Amino acid sequence: MLRKQKHIIIFTVICTVFLLCLSASHGIISADETLPAETEEKPVIDSRTDKLLRAMGDYLKSSGQFSFHAEINFDDLISSGHKIQYAFASDIAVHRPDRVYVERRTDLGGKRFWYDGKNMTLMDVTFGVYATEPVPDDIDAAMDYLMEKYGFSPPLVDFIYSDPYRTLIENVEYGFYVGLHRIRGIRCHHLAFVQKDIDWQIWIEDGKQMVPRKFLITYKTLPESPQFSATLSEWDLDAGLPDALFDIDLTSTEGFEKIEFMTITDTAFEKAGTGQQE
Amino acid sequence: MRNKRRLLSKTSKFVLHALLVLYSIVLTRVTCSAGGLFEYRESQIKRRPVLDQRTKTRENREVYKSRMQSGYPDISGSPDTEISQEVSNKKVTSRSASVGSVHHSGANTQATQNNMAYIMTMSYRPGDGVKFSAEEKEYVEAIRNSNIDDSLQTITKELHGFLENNWPGWRGNWDDYYIGLSILANIGLTVDNLPEQHEIIKIKDLTYYYAGSVYYAKFRDIYVVVPPPHGAITGTMPAEYTNVYVGNTAYFNCGGAFYVKVDNGYQVVAPPVGAIVNELPRKAYCTLIRKNAYSVYGTAYYKRFFRGHSVIYKVVKVPEVKKTVN
C-alpha cells in the first residue's frame, strides 16, 4: 500500500516539474518573440573564423602578382535528372590591377581566357572559336561587367578580385570554424559559411603562407544540390609573370573563327522572352 | 529456491532467444540459396542495360554494318523496327537478284529490281562510314556506272528530281536524319509497301504517310522515305527530342526537325529563328557567307555564340548568298 502511494507521489512530482518547465519555456519564448528582429539579420561569424578569412584575403591582396593551379570538380544536372560530375584543371595568373590569364583543360574541352586591361578574350580551343570584347580597365570592374552583361566569370574569381575577403564575406549570413583538417597532406583551417542560396567551405593553410587550399560551394537551392569543388595548389605569390602571358596577339588566333558573346538579355529572351525573333 | 527459479527462467529465456536467432539465420540462408535474394541479384546483373540514344545508334550501326558485311543474313526475329525490317527484306531480295539467282517471290520483279538498285545506289556512298564487301562495292559501282538497266537510270533521275523539288538540298545533310534518331532508314530509301499501321497526312498537293517516326511519300507505285514535311501533324513524335524555347513557345527538337504541340498532336514547323541548341545534328555542314560561318542542316542555318563559357548554336535567318566550303 505504502509502495503504491509512493509511486503516486513520484508521478505527481514529475508531472508538476514538467508543467512548470513547459510554462517557463513558453514564457521565455514569448519574451524572445518580443525582441527586435534586427539581431537575426546580422551575419553571425565567430571572431576566429572571421580573423582567419580576413588574414587569407589580406595575404592574397598583398601580392601584386600571383599564380596558382586548381583541380576542379563540378556537378551538372542533365535533362534526365541525373547528377553528373565533370572535372577540369585550371591555371590562373593574376597581375594586379589589370591583367588576368586563365587556362582550362576540361572534360568538355579546352578554354583560354585573358584580360589585358582593355579587352577580355575567351577562346574555345576544342571548337576553334574565340570572342573578344572591350571591358573596363581594372580587374574588379571588368569582372563585375562580365558577370552583369554576359553572366559569367573566370573560375575562382573570388580570389582574383583585389580584396578577396570583402568579396567572399559579402553575402554571408553565418560562419563557423570546423577544425584543423588536411588537404593533400597540408594542415588547414576548415571554415564553413552559410548564405541564402549557397553554403561554402574553405580550407586555409595553417602557417605563414595563408593561401586557400580547397574551396567548396553547395548550391543548396538547386535540385539535387550540385557542388563545385576546387583543390588549389602550386601557389606562387612572387610570380614573375611575363607581359606576353596577357598581351596575346590576336593574329596568333589564325584558323580560329571569331564569334560573339550572347548577352544575359539574349539568354533571358530565349528562355522566357516575348516571342520576338531575330 | 526463488533465486533458482529466476536462474531457470533466465536460462530458458536465453535459450529461447538463441534458438530464435539460429532459426532466423537458417531461414535466411535457405531463402537465399533457394533463389530468393541471390536470384534477385542475378536477375539484376543479367538485366539488359538501358542504352542512351547515342549508344543505341552506335549499336544499331554495328548491327547494320554486320548485316551489310555478312551478306544480309536472315533477319527474322530481328529486334529492329518495322521499317528497318521491310527495308532489309527488300535488300535481301535485291541482292539475290544482283547475283543472278533469279529467285523472286514477288510478282513485280522489275519493280523489285529497280528498288534494289535504287536502294543500293542511294544508300551506299563512299565515305559515309559504312564498309561493304568487295562484291557489294562492285555491284554498287556497276549500278552507278549505269551499265545495268536504262530504266533504272530513268527512275533514279526521276526520284532525284522528286526529292530535289520538294526538299532542296536533301542529299547534303537530311539523308542521315533518321539514322540520327536511331531509325534504320535513310532519306531516299524506297519500299514497296508501307507498314500496316500508318497515318495519312495531306499537305498541299502531296500525300504523306507516317509510321514508326518515318515519313514516306508515294513515288510511282512505291514509297520513298522523305524528311519531315513542314505542316505535317502527327499523333506521336519521335521518342528522342530536346526541349527548345523561343519566347513563350515550346518546341521539340527531334534531331534537327522541330515540332510544336497543337490541339490534335504535334506539328512539324520550320526551324524557329532564335532557337538555341547545344549540339548540331551530326551531318550539319559548314558554309561561309560574307565571311560569316554557318552550319546548315535541313532548312536551318545555325550560328555559333558563346553563352557564358559554352559554345552554343542559334538558329538564324537564312542568309541570302551561299558559298559552300567543303
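Residues numbered from 1 in each chain as written. Chains lettered and ligands numbered in written order. Predicted model: local features only at pLDDT ≥ 70, side-chain atom pairs only at ≥ 80, totals over all residues. Heavy atoms only, no water.

Asker: Describe in detail the nonpolar core, supporting the description with residues and values.
Answerer: One finds L53, F113, M143, L156, F159, W200 and I202 of chain A to be the most contacted residues of the largest nonpolar core, which totals 56 residues. In contact with I202 of chain A, other than residues within four places in its own chain, are L53, M56, F159, H189, H190, L191, F193, P212, K214 and F215 of chain A. Within the second largest apolar cluster, 53 residues are counted, among which are W174, V246, V269 and V277 of chain B. (Core = buried A, V, L, I, M, F, W, Y, C linked by side-chain atoms within 4.5 Å. Buried < 20%, exposed > 50% of the residue type's maximum accessible area, 1.4 Å probe, protein only. Contact = heavy atoms within 4.5 Å.)

Asker: Break down the confidence of the model for chain A for me, with residues and values.
Answerer: Residue and element names in this part refer to chain A. Scored by pLDDT, chain A comes out at a mean of 84, with 81% of its residues at no less than 70. Ignoring residues within four places in sequence, the model shows residues 23–39, a span with pLDDT below 50, making zero contacts including any to other chains. In the predicted structure, residues 269–278 sits below a pLDDT of 50 and forms 29 contacts with residues beyond four places in sequence or in another chain. (pLDDT = per-residue confidence, 0-100.)

Asker: Which residues make up the pairing of strand 8 (residues 174–183) of chain A, and what values do they have?
Answerer: All names here are of chain A. Two strands pair when backbone bridges link them, and strand 1 (residues 44–45) and strand 8 are joined in this way by two bridges, in the parallel orientation. Looking at strand 8, one finds that I45 is bridged to G175. In this structure, the hairpin formed by strand 8 and strand 9 (residues 186–194) is closed by a connection of two residues, where R184 is found at a positive phi of approximately 50°. (Pairing = 2+ DSSP bridges. Helix = DSSP H or I, 4+ residues; strand = E, 2+ residues; numbered from the N terminus.)

Asker: If you had to explain the interface of chain A and chain B to someone new, which residues and values would you point to?
Answerer: On the chain B side, the residues contacting the 28 residues of chain A number 22 residues. Buried area between chain A and chain B, summed over both chains or domains, comes out near 2300 Å², and the portion from carbon and sulfur atoms is 57%. There are one salt bridge connecting chain A and chain B. Of the charged contacts, one joins E257 of chain A and R304 of chain B as a salt bridge, the two residues approaching to 2.7 Å between their closest N and O atoms. Broken down by element, the side of chain A that touches chain B gets its largest block of residues, five residues, from helix 6 (residues 264–272) of chain A. Residue composition of the side of chain A that touches chain B, grouped by class: 14 nonpolar, six polar and eight charged. As judged from the two bridges shared by strand 14 (residues 260–261) of chain A and strand 14 (residues 300–307) of chain B, these two strands associate in the parallel manner. Directly across from F261 of chain A, in strand 14 of chain B, lies its bridge partner F306 of chain B. (Buried area = accessible area lost by both parts, 1.4 Å probe. Salt bridge = Lys/Arg side-chain N within 4 Å of Asp/Glu carboxyl O. Nonpolar A, V, L, I, M, F, W, Y, C, P; charged D, E, K, R; others polar.)

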